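# Observations on chain architecture
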Amino acid sequence: MSDAPRQVHLNLFILASGHHEAAWRHPSSTPERMFDPDFYTDLARTAEAAAFDAVFLADIPKLDDNIEYNSAGRLDPLLTLATIAAATERIGLIGTASTTYSHPWQLARSLASLDHLSRGRAAWNIVTTDSPAAARNFGLDGNPDAATRYERAEEYVDAVLKLWDSWEDDAIRLDRAAGRYLDPSRIHHPGVRTSHVQVAGALTTPRPPQGYPVLVQAGSSNHGRAFAARYAEAIFTAQQRIEDAQAFYADVRGRAAALGRDPDHVKILPGLSPVIGGTEEEALRLQAELNELTVPAFGLMQLKDFAYVDLDHLDLDERVPEEAFAGAGDVTDNAKSRTQVYADIVRREKPTLRELLHKLAGARGHKVLAGTPEQVADHVERWVTHGAADGFNVMPPSLPAGLDAFVETVVPLLRERGLFREGYTGTTLRDHLGLPRPVSQYAT
């Protein structure tokens, strides 16, 4: 058995001007570039030069309600990732798409196309979308409940996998002499008809280079954990404390093993927003600068969006009552996982409303760590070596400055400790993550 330290996986989560809600007001960000293709390709190249596993783009099919106070709007993730693919060579490309508000045939073809165009670097972040506003954008009166969304998601993903397998790997024969381009017996029509999904014919796209683009899932609710254990090869999660992260790590890996999966093929990547300074005081000062630029009205709306909690009636310097989060449940029985993260903060730290809003401003409940490069590297090492994570979804507080600081100061420390690669050893995202290429379900 190898004595080498475990290798850390790192993704760059690109979000607007940065993950701190006030980043767009800070000089370390460039909000004027949010819809400039070079903004995304420049960030991806920086992450690729540091040998990050992937870049990640989130999405929700609606315009946010609180657009007045934050850098609002987003580009289509798959089109943006196709632009990044053309400007990079190795870094993975993770795009978010909803199983509730898209069709499996169309999405399967788009993701297969991205995998071909990037030579095997695509991944799908599977979400079910809990948003009445998104429902209305698709002509529906309301959002399906969680049980219905996840029931549809399972049927949807099963259909997508059949579509990716609809061309066997050896379907294309290219027999010029015989005039035979492909073998029709190697093309399969899924013919899926379930409660929520109907798909008839095969894709127009050959089987992706990776077999399947990597399957990613974000969410820690009971429904989310069960879904992740069945399908996910990488899981994004929000954890504040190592004890909670260890419990989540053990639970999801255990569920995957119980379903006959290799738990080492399920990579768990908590979010981490590092506020980096040359000294701890410098880092805390930068964090305070960002917090002072927040608009309380925006933070209050974020609470409603993410935790379904209305605290508008409280004074900013009034303590947040624990009973405001009484419906959150506990860590093993939570329908809305982000609400539980917020509830734990209120219970442990007993913050004022202002303090809570500042706490959440940095990364919406993901771990924010203000400190020196050494302190950030210590955090990464501790979580990865103590069964709390396989790596991190890096969420820079501002972009591009926050990414530059992490790449220039933290990555070298991780390499010195033997925790992170010097460069890529493979070409596909599955190579980077140490994941096998799945065998086609139609293979003989």
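Residues numbered from 1 in each chain as written. Predicted model: local features only at pLDDT ≥ 70, side-chain atom pairs only at ≥ 80, totals over all residues. Heavy atoms only, no water.

## Here's the deal with unusual backbone geometry
A negative phi angle is the norm for most residues apart from glycine, just as the trans form is the norm for most peptide bonds. Of note, the bond from Leu399 into Pro400 is cis; its omega dihedral lies within 30 degrees of zero at 10°. Non-glycine residue Ala16 carries a positive phi angle of around 45°. Considering the arrangement of structural elements, one finds Ala16 in the loop between strand E1 (9–14) and helix H1 (37–49). Although it is not a glycine, Arg119 sits at a positive phi angle of roughly 60°. Assignment of secondary structure puts Arg119 in the loop between helix H3 (104–117) and strand E4 (122–127). (Helix = DSSP H or I, 4+ residues; strand = E, 2+ residues; numbered from the N terminus.)

## Some details on the confidence of the model for the chain
For the chain, mean pLDDT is 94; residues scoring 70 or higher make up 97% of the total. The model gives residues 330–335 a pLDDT under 50, and that stretch makes 12 contacts with residues more than four places away or in other chains. (pLDDT = per-residue confidence, 0-100. Contact = heavy atoms within 4.5 Å.)

## A few points about the packing of H3 against helix H5 (residues 146–164)
Here H3 crosses H5 at 50°, and the two axes come no closer than 9 Å. As judged from the angle between their axes, H3 and H5 are oblique. Judged by the sense of rotation from one axis to the other, the crossing of H3 with H5 is right-handed. Note on element contacts: H5 touches H3 through Tyr156, Ala159, Val160, Leu163 and Trp164, opposite Pro104, Trp105, Leu107, Ala108, Leu111 and Ala112. Split into classes, the residues belonging to the contact of H3 with H5 amount to 11 nonpolar, no polar and no charged. (Axes fitted to C-alpha atoms, helices over the stretch in contact; angles between N-to-C directions. Parallel < 35°, antiparallel > 145°, perpendicular 65-115°, else oblique. Left-handed = near helix turned anticlockwise from the far one by under 90°. Nonpolar A, V, L, I, M, F, W, Y, C, P; charged D, E, K, R; others polar.)

## Concerning the pattern of salt bridges
Under the criterion given, the structure shown has 29 salt bridges. The residue Arg207 makes a salt bridge to Asp169 at a minimum N-O spacing of 3.1 Å. With Arg207 in the loop between strand E8 (198–199) and strand E9 (214–218) and Asp169 in the loop between H5 and strand E5 (172–175), this pair connects stretches of sequence that are 38 residues apart. Between Arg241 and Glu243 there is a salt bridge; the shortest N-O distance is 3.6 Å. Judged by relative accessible area, Arg241 falls into the partly exposed class, the value being 27%. Members of the salt-bridge network, linked through shared partners, are Glu168, Asp170, Arg173, Arg180, Asp183 and Arg186. (Salt bridge = Lys/Arg side-chain N within 4 Å of Asp/Glu carboxyl O. Buried < 20%, exposed > 50% of the residue type's maximum accessible area, 1.4 Å probe, protein only.)

## Concerning the packing of aromatic side chains
Enumeration according to the criterion identifies 12 aromatic pairs in this entry. Considering the side-chain rings of Trp124 and Tyr156, the 5.9 Å spacing of their centres and the 50° angle between planes classify their relative orientation as tilted. With Trp124 in strand E4 and Tyr156 in helix H5, this pair connects stretches of sequence that are 32 residues apart. Tyr156 matches Trp124 in its accessibility class, with the two residues each being buried. (Phe/Tyr/Trp six-rings, centres within 6.5 Å; stacked < 30°, edge-to-face > 60°.)

## A word on helix H8 (residues 280–292)
With 13 residues, H8 extends 18 Å between its outermost C-alpha atoms, agreeing within 8% with the 18 Å of an ideal straight helix rising 1.5 Å per residue. Every buried residue of H8 is listed here: Ala283, Leu290 and Asn291. Angularly, the buried residues of H8 cover 100° about the axis, an arc narrow enough to put them on a single face. Summarising the geometry of H8, the exposed residues directed more than 90 degrees from the buried face are Glu281 and Glu292. (Expected span 1.5 Å × (residues − 1). Arc of directions from axis to C-beta.)

## Details of the side chain of Arg364
Relative to the helices and strands, Arg364 is located in the loop between helix H11 (353–361) and strand E12 (367–371). Nearest to the buried, unbridged Arg364 among oppositely charged side chains is Glu21, at 7.5 Å. Among the polar contacts made by the side chain of Arg364, one reaches the side chain of His19 at a distance of 3.1 Å. Leaving out residues up to four positions away in the same chain, Arg364 has contacts with Phe13, Leu15, His19, Gln302, Phe306, Arg338, Tyr342 and Met395. (Lys, Arg positive; Asp, Glu negative; His and termini not counted. Polar contact = N/O pair within 3.5 Å; in protein donor to acceptor, adjacent residues only side chain to side chain.)

## Notes on the nonpolar core
One recurring pattern in soluble globular proteins: nonpolar side chains tend to sit buried together. Leu10, Phe52, Val55, Trp124, Trp164 and Phe406 are the most contacted members of the largest nonpolar core, which has 71 residues in total. Here the element with the most residues in this core is H5; it accounts for 9 residues. Setting aside anything within four residues of it in sequence, one finds Val55 in contact with Leu12, Ile14, Ala44, Ala47, Leu81, Ile84, Ile91, Gly92, Leu93 and Ile94. Counting 17 residues, the second largest nonpolar core, distinct from the first, contains Ala307, Phe325, Tyr342 and Leu360. (Core = buried A, V, L, I, M, F, W, Y, C linked by side-chain atoms within 4.5 Å.)

## Description of the pairing of E12
Within E12, 4 of the 5 residues are buried, leaving the element largely enclosed by the surrounding structure. Bridge analysis of strand E11 (residues 267–276) against E12 gives 5 bridges, and the strand direction is parallel. When the bridges of E12 are listed, Ile276 appears paired with Gly371. (Pairing = 2+ DSSP bridges.)

## Structural notes on the pairing of E5
Regular strands place their side chains on alternate faces of the sheet. As judged from the 2 bridges shared by E5 and strand E6 (residues 180–182), these two strands associate in the antiparallel manner. When the sheet's bridge partners are listed, Ile172 is paired in E6 with Leu182. As consecutive antiparallel partners, E5 and E6 are separated by 4 residues, and within that stretch Gly179 has a phi angle of approximately 70°, a positive value.

## Concerning the environment of Trp124
Residue classification places Trp124 among the buried positions, given a relative accessible area of 0%. Among residues more than four places away in sequence, those in contact with Trp124 are Gly95, Ala97, Thr99, Leu107, Leu111, Tyr156, Val157, Val160, Trp164, Val214, Leu215 and Val216.

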